[in-house]
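# Close look at the chain arrangement
This is what each chain is made of:
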Amino acid sequence: MEYYSLHRKSPSVTFRNAVIQGLAPDKGLYFPKSITPLGRHFFEDIEQLTDEEIAFQAIRQFVGDEIPEAELRNIVSETLSFPFPLVEVGKNVFSLELFHGPTLAFKDVGARFMARCVGYFNRADPHARNTVLVATSGDTGGAVASGFLNVPGVEIVILYPDGKVSDIQERQLTTYGRNISALRVDGVFDDCQAMVKAAFLDPDLAHLNLTSANSINVARWLPQMFYFFFAYKRLKSLGRPLVVSCPSGNFGNICAGVLAKKLGLPIAHFVASTNANDTVPRFLKSWEYDPKPSVETLSNAMDVGNPSNFIRIRELYGDDKSKFDTEFSSYPFSDEETSDAIQIIFERFGYVLEPHGAVAYLGLQKELARFPDAVGIFLETAHPVKFREIAEKILSFPIEVPAQIEELMRLKKVSSRIGDYGQLKSFLLKQK
Ligand SMILES: *Cc1c(COP(=O)(O)O)cnc(C)c1O
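Please read these numbers as outputs of a predicted model, since none were measured by experiment. (Residues numbered from 1 in each chain as written. Predicted model: local features only at pLDDT ≥ 70, side-chain atom pairs only at ≥ 80, totals over all residues. Heavy atoms only, no water.)

As a further point, take the overall build of the chain. When its secondary structure is counted, the chain shows 19 helices and 14 strands. For the chain, whose C-alpha radius of gyration is 21 Å, the value lies close to the compact-globule estimate of 22 Å for 432 residues. If you line up the chain on its principal axes, its C-alpha atoms span 60 × 50 × 45 Å. Relative to its full complement of 432 residues, the chain shows a buried share of 58%. A separation of at least 24 residues holds for 75% of the contacts in the chain among residues at least 6 apart in sequence. On the chain, roughly 17500 Å² of surface is accessible, and the fraction owed to carbon and sulfur atoms is 51%. In the chain, 46 positive and 52 negative side-chain charges are present, and the distance between their average locations comes to 3 Å. (Helix = DSSP H or I, 4+ residues; strand = E, 2+ residues; numbered from the N terminus. Rg over C-alpha atoms; globule rule 2.2 N^0.38 Å. Buried < 20%, exposed > 50% of the residue type's maximum accessible area, 1.4 Å probe, protein only. Contact = heavy atoms within 4.5 Å. Areas by Shrake-Rupley, 256 points an atom, 1.4 Å probe, with all protein chains shown as cover. Lys, Arg positive; Asp, Glu negative; His and termini not counted. Charge placed at Lys NZ, Arg CZ, Asp CG, Glu CD.)

Below, the structure is given as structure tokens:
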């Protein structure tokens, strides 16, 4: 499969090169040259297919012949090594729990798939060497570290703001060792990101083949469509229209849902639920794209002022306003509405939400008021324990700690402290 740059000023590349480069040389995001809907039989028979078969059929055309079928099936099956429960939370409202992976965040799916693709490409070329450089405000770094642990030929360097990630998140970045290095930056997330950007542009580091592992990378973005298919398979027999709400920051997750629909998946309506970072809800009202600097909220993994993947959604809809009007909504919610939702949903249904899932729940409720016949799904993207301090303050009882985390609490945190770009550069130049 070929991928073109959405800035349309760089040549098209193969899937492999899109994955290895991350971003096109003209700084555009890569986008598949063709999208062929899955046949009618696929959807008629979907309840008979295993989740692994569904995922393989969905992703296959986007990889093409660059990874052999048996290998791709293997990658898909290793990516999906944990469950994706759909839990009923009130009448006709379901939580699609995406937090049962190794780092308890939905980002595990994309990170595990991308790591295994890079691992395959590097096995085919024993001289290949890449360095994945990640700036994280919390969840991305842990999922990438866990996904890429021991992948041959790849060094992972994670930058995070010192003192600004939770204890659990810091443990997920700093306890792996091996090919994973963690750098704690004297500054905020924006400083980490600025250093990463400077490194990508630095000709002295060209030999390291630096790449990124956030949802701009096609191998992280595309597999996120899998669980939209799984949810449909489980609710198909109800025969009702589906409305899906995603808690949205960089808009990679919801963009994968819109792609699944383009492949034929019958989802009636999407809701991109945001916190106070409301660039997309404002755009859909005025049709003027006016990004703002991000503001801090309770759902901090969605504190994004200029969502990188929104341009892919515009491409999928051919920038057609009437399509957006009928199929896609976006609503912002305040921190106060978010905490109230966490409290009310626990009181009413005994279900514990964390702030991102709570935002998605609110967006779903708003949309279901317009679709009384529909069944609603909201994506719960992280385990409440990852936002333990917030959840415990609102609910006044301790959140249960899952086994994945208990293990981490026993390991030693290892990281190096850096203060400026010069220190990052010398760290990278000393890498093997
Ligand atoms: C990253 C993240 C999001 C936002 O996902 P996007 O694909 O960037 O829109 C939502 N919730 C959690 C818990 C996250 O870590």
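The immediate surroundings of the ligand are formed by 15 residues, with Lys107, Asp139, Gly249, Asn250 and Thr381 found nearest. With respect to the ligand, the backbone of glycine 249 contributes an N or O atom lying 2.8 Å from an oxygen atom. If the ligand stood free it would expose 390 Å²; the protein chains cover 97% of that surface. Taken together, the residues of the shell around the ligand sort by class into six nonpolar, seven polar and two charged. (Near = heavy atom within 4 Å. Polar contact = N/O pair within 3.5 Å; in protein donor to acceptor, adjacent residues only side chain to side chain. Nonpolar A, V, L, I, M, F, W, Y, C, P; charged D, E, K, R; others polar.)

Another aspect to go through is the sheet that holds strand β2 (residues 13-14). In sheet architecture, strand pairing relies on hydrogen bonds along the backbone and comes in two forms, parallel and antiparallel. What the three strands build is an open sheet, ordered β2-β1-β3; its pairing is antiparallel. Of all the strands in the sheet, just β2 and β3 (30-32) have a single pairing partner and so form its edges. Where strand β1 (residues 2-5) lies against β2, two bridges are found, and the strand directions are antiparallel. Across the sheet, residue glutamate 2 finds its bridge partner in β2, namely threonine 14. (Pairing = 2+ DSSP bridges.)

Burial within helix α11 (residues 252-262) is extensive, with nine of its eleven residues counted as buried. Among all positions of α11, only Gly252, Asn253, Ile254, Cys255, Ala256, Gly257, Val258, Leu259 and Ala260 are buried. At the exit of α11 stands glycine 264, carrying a positive phi of roughly 115°.

The next thing to look at is the environment of aspartate 45. You can see aspartate 45 is positioned in the loop between α2 (40-44) and α3 (51-63). With 15 residues separating them in the primary sequence, aspartate 45 and arginine 60 have C-alpha atoms 18 Å apart.

What follows concerns the environment of phenylalanine 226. With respect to the secondary-structure elements, phenylalanine 226 resides in helix α10 (residues 226-235). When the C-alpha atoms of phenylalanine 226 and valine 132 are compared, they prove to be 24 Å apart, with 94 residues separating the residues in sequence.

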